Amino acid sequence: MKKLLVIACFFFGGIATAQAQQTSPVWPGCEDAEDKSECFNEKLNAHVREHYEYPMKENAYVRGEVKVSFDINEEGKVVVKSVEGSEPLVNEAAREMLKKIPDMKPGTLNGKPDSRNFTTTYRF
């Protein structure tokens, strides 16, 4: 019985250590934050408010909804994957805003830099 218990401990212990260790990208200024994911989200929302420039058409602001997808690659740089919405001017303004996201410390997978994808929807 003891042998079975020892074998079970090694088996389940091995499964626990085999799981991937993953960290999220760290936005500049979030290095010392207790919850880096929450800080990332707060910084991203502040970036959107500060850097999105509403396009104009015939002396009126163009509004719309866009679904954006971007990666933070292994070097910590933003790579815009897609910007989808019904208003081309809003799509382009959202793309330009995403390009202004600062470089950051990349996420890791098992201690090695790893690309991470982010997808969200905004109403401008």
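Residues numbered from 1 in each chain as written. Predicted model: local features only at pLDDT ≥ 70, side-chain atom pairs only at ≥ 80, totals over all residues. Heavy atoms only, no water.

(A) Broad picture of the sheet that holds strand β5 (residues 78–85). Read from one edge of the open sheet, 3 strands run β5-β4-β8, paired in antiparallel fashion. Of all the strands in the sheet, just β5 and β8 (116–123) have a single pairing partner and so form its edges. Neighbour to neighbour, the strand axes of the sheet diverge by 20° on average, direction disregarded. Along the sheet, helix α3 (residues 88–99) contacts β4 (65–72) and β5; its crossing angle with β5, the most-contacted strand, is approximately 165°. (Pairing = 2+ DSSP bridges. Helix = DSSP H or I, 4+ residues; strand = E, 2+ residues; numbered from the N terminus. Axes fitted to C-alpha atoms, helices over the stretch in contact; angles between N-to-C directions. Contact = heavy atoms within 4.5 Å.)

(B) Broad picture of helix α2 (residues 36–51). If you check α2, its first and last C-alpha atoms are 22 Å apart, about what 16 residues at 1.5 Å a residue would give, namely 22 Å. Turning to α2, its buried residues number three or more, namely Cys39, Phe40, Leu44, Ala46, His47 and Val48. Buried residues in α2 make contact with β4, α3 and β8. Where α2 begins, the capping side chain belongs to aspartate 35, and its oxygen is found 3.2 Å from the backbone nitrogen of serine 37. (Expected span 1.5 Å × (residues − 1). Buried < 20%, exposed > 50% of the residue type's maximum accessible area, 1.4 Å probe, protein only. Polar contact = N/O pair within 3.5 Å; in protein donor to acceptor, adjacent residues only side chain to side chain.)

(C) Region of interest: the pattern of salt bridges. Per the stated rule, a full pass over the model turns up 6 salt bridges. Of the charged contacts in the structure, one is a salt bridge between glutamate 65 and arginine 123, with a shortest N-O distance of 2.9 Å. Here glutamate 65, found in strand β4, pairs with arginine 123, found in strand β8; they are 58 residues apart in sequence, far enough to count as distant. Note on glutamate 65: relative accessible area 43%, which makes it partly exposed. Judged by relative accessible area, which is 71%, arginine 123 ranks as exposed. (Salt bridge = Lys/Arg side-chain N within 4 Å of Asp/Glu carboxyl O.)

(D) Quick look at the sheet that holds strand β7 (residues 112–114). With antiparallel pairing, 3 strands are arranged side by side in an open sheet as β1-β6-β7. Edge strands, defined here as strands with exactly one partner in the open sheet, are β1 (22–23) and β7. Relative to β7, strand β6 (residues 107–109) is paired through 3 bridges, and the arrangement is antiparallel. Of the residues in β7, the one forming a bridge with threonine 108 is proline 113.

(E) Layout of the packing of aromatic side chains. Taken as a whole and judged by the stated rule, the model has 8 aromatic pairs. Ring centres of tyrosine 52 and tyrosine 54 lie 5.0 Å apart, and the angle between their planes is 90°; on these two criteria the pair is classed as edge-to-face. Look at tyrosine 52 and you get buried, because its relative accessible area is 8%. By relative accessible area, which is 35% here, tyrosine 54 ends up partly exposed. Centre to centre, the rings of phenylalanine 70 and phenylalanine 118 are 5.5 Å apart; their planes meet at 20°, and the pair counts as stacked. Taken as a pair, phenylalanine 70 in strand β4 and phenylalanine 118 in strand β8 lie far apart in primary sequence, 48 residues in all. (Phe/Tyr/Trp six-rings, centres within 6.5 Å; stacked < 30°, edge-to-face > 60°.)

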